[in-house]
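# Breakdown of the fold
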Amino acid sequence: MFSAIARVFRTPDLRRKIAFTLGIIAIYRLGAHVPTPFVDFPNVQQCLNQSGGTEGLLSLVNLFSGGALLQLSIFALGVMPYITATIIVQLLRVVIPHFETLYKEGQAGQAKLTQYTRYLTIALALLQSTTLVTVARSGQLFGSAGVPECQQLLTNDIWWAQLLMIITMTAGTGLVMWFAELVTERGVGNGMSILIFTSIAATFPGAMLSILNARGVEVFLLVLAVSIVIVALVVFVEQSQRRIPVQYAKRMVGRRTYGGTNTYIPIKVNMAGVVPVIFASSLLYIPALIAQFNQPQPGQEPSPWVTWISQYLTRGDHPLYMLIYFLLIIGFAYFYVAITFNPVDVADNMKKYGGFIPGIRAGRPTAEYLDYVLTRITLPGSIYLGLIALLPLVALATVGANQNFPFGGASILIIVGVGLETVKQIDAQLQQRHYEGLLR
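These numbers come from a predicted model, not from an experiment. (Residues numbered from 1 in each chain as written. Predicted model: local features only at pLDDT ≥ 70, side-chain atom pairs only at ≥ 80, totals over all residues. Heavy atoms only, no water.)

### Re the side chain of Ser 73
Among the secondary structure elements, Ser 73 is positioned in the loop between helix H4 (57-64) and helix H5 (80-95). The class for Ser 73 is buried, based on a relative accessible area of 1%. With near-sequence residues (within four places) excluded, Ser 73 lies in contact with Gly 31, Ala 32, His 33, Val 34, Pro 35, Thr 36, Ala 68 and Met 169. (Helix = DSSP H or I, 4+ residues; strand = E, 2+ residues; numbered from the N terminus. Buried < 20%, exposed > 50% of the residue type's maximum accessible area, 1.4 Å probe, protein only. Contact = heavy atoms within 4.5 Å.)

In structure tokens form, the structure reads like this:
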């Protein structure tokens, strides 16, 4: 293993790519701690220490920004606008035929869709930065209405100061997007995935230290042991796939013979990835957001529906919250898989090139068979997603961790997925140069 790592750094081209990637990561993490103009940084730090973070959708965004959101830094929004824009453009392929046409046009169409994603990212960053500045100005960012420091997060709340903050955060999002594209072109791995990986990994030491301080060494070691088992199980499931055999008949084109090969269609157990978790978290935050903007005046009783939402749909350790969260993840997993994998298109492409599944007729029977397999393999995949997503909530209720518990939910899925993909890319580049990869 050590000799394989040494081979990586002895290869000049690969060494330059890794150094470039590490340099971009260092700049990205530095920007996560540079405060936006007119932010009272000492008050923000004091509120962070007193509240221990926040919950709901802001917790997810703060996780993906590496803690930059609650610090109101220039990279406060992180990669979340780009992730949201990418998912929206992907979903719009079902609604807008032009997007589906661009998707099928190859590299030129993909470049056009990427351009649309960039424009949408800037628009979402503008919207989200406006919302963030408004919430910070109102003193509700940390939900600590009784703490005076959390009511004075801005040193100047005049309109032009707020406008400058919004422009700075939006520009920071554009810069992060550019960093990601640079890593993809000149570095190792997918740039956006690497930055997400960096943001989540940056929260690991603080999360584990809080468990150690709150529950002692015994609980800390127990959590560490369970976490190793969880990582191993996630790696196993993420690598699991159902391989549907496909045969291609021989055909003559001129004097050449094509086809006659055997291959397979890999259908992963977790085809939806982390998207259903993000969807479910976002949807569950909507009731809490509505209730937050309907808080009563001092001295008045809150409305019954506001009390019910605050009691059952705000705290993640309530059984009703967990049940709704689990069911939403299963529903969104089926929804997203149905959008991203079209059995009819796959069956048509196989028929066009003379491919068929042994024992299944080409055309409509093949599409029905693929849909049958996909529906049944998505069930264990969605249940697995739901259980992994519930781990931070279980940790919240048992060991006193927060909802950013690193070994569960979106955190572990992204960490494992990005780690596996990056190692595969390094391995492929080593094999091109030395005819052997990281592991023999």
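Anyway, onward from the coordinates.
### Things to note about the pairing of strand S1 (residues 241-248)
In this sheet, strand S4 (residues 262-268) lies alongside S1 in antiparallel orientation, the contact comprising seven bridges. Within S4, the position partnered with Gln 241 by the bridge is Lys 268. The pairing of S1 with strand S5 (residues 355-356) spans two bridges and is classified as antiparallel. The residue bridging Gln 247 from the neighbouring strand is Phe 356, located in S5. (Pairing = 2+ DSSP bridges.)

### A short note on the nonpolar core
The biggest cluster of nonpolar side chains holds 71 residues, and the ones touching the most others in it are Val 79, Leu 195, Val 234, Val 277, Tyr 325 and Leu 413. A domain-level breakdown of this core finds at least three residues from each of domain 1 (17-187) and domain 2 (203-439). The residues touching Leu 413, leaving out its near neighbours within four places in the chain, are Val 234, Glu 238, Val 274, Val 277, Tyr 384, Leu 385 and Ile 388. The next biggest cluster of nonpolar side chains, apart from the first, holds 20 residues, and it includes Ala 76, Ala 136, Met 165 and Ile 166. (Core = buried A, V, L, I, M, F, W, Y, C linked by side-chain atoms within 4.5 Å. Domains from an automatic or database assignment.)

### A look at the environment of Leu 77
Looking at where Leu 77 falls in the secondary structure, it is placed in the loop between H4 and H5. In this structure, Leu 77 is in contact with Ser 65, Leu 69, Ala 125, Gln 128, Ser 129, Leu 132 and Thr 173, ignoring residues within four places of it in sequence.

### Regarding the packing of helix H2 (residues 12-31) against helix H8 (residues 159-186)
Helices that pack against each other are described as a pair by the angle of their axes relative to one another and the distance between those axes. At a minimum axis distance of 9 Å, the contact between H2 and H8 shows a crossing angle of 170 degrees. By the angle between their directions, the pair H2 and H8 is classed as roughly antiparallel. Contacts from Lys 17, Phe 20, Thr 21, Ile 24, Ile 27 and Tyr 28 in H2 reach Val 176, Phe 179, Leu 182, Val 183 and Arg 186 in H8. Each residue belonging to the contact of H2 with H8 can be placed in one class, and the counts come to eight nonpolar, one polar and two charged. (Axes fitted to C-alpha atoms, helices over the stretch in contact; angles between N-to-C directions. Parallel < 35°, antiparallel > 145°, perpendicular 65-115°, else oblique. Nonpolar A, V, L, I, M, F, W, Y, C, P; charged D, E, K, R; others polar.)

### Things to note about the pattern of salt bridges
With the rule as written, the count across this model stands at four salt bridges. Taking the shortest distance from any N to any O, the salt bridge between Arg 93 and Glu 100 comes out at 3.4 Å. Judged by relative accessible area, Arg 93 falls into the buried class, the value being 14%. Among the salt bridges present, the one from Arg 118 reaches Glu 181, with a minimum N-O distance of 2.8 Å. On the criterion of sequence distance, the pair formed by Arg 118 in helix H7 (residues 107-138) and Glu 181 in helix H8 is long-range, its members being 63 residues apart. (Salt bridge = Lys/Arg side-chain N within 4 Å of Asp/Glu carboxyl O.)

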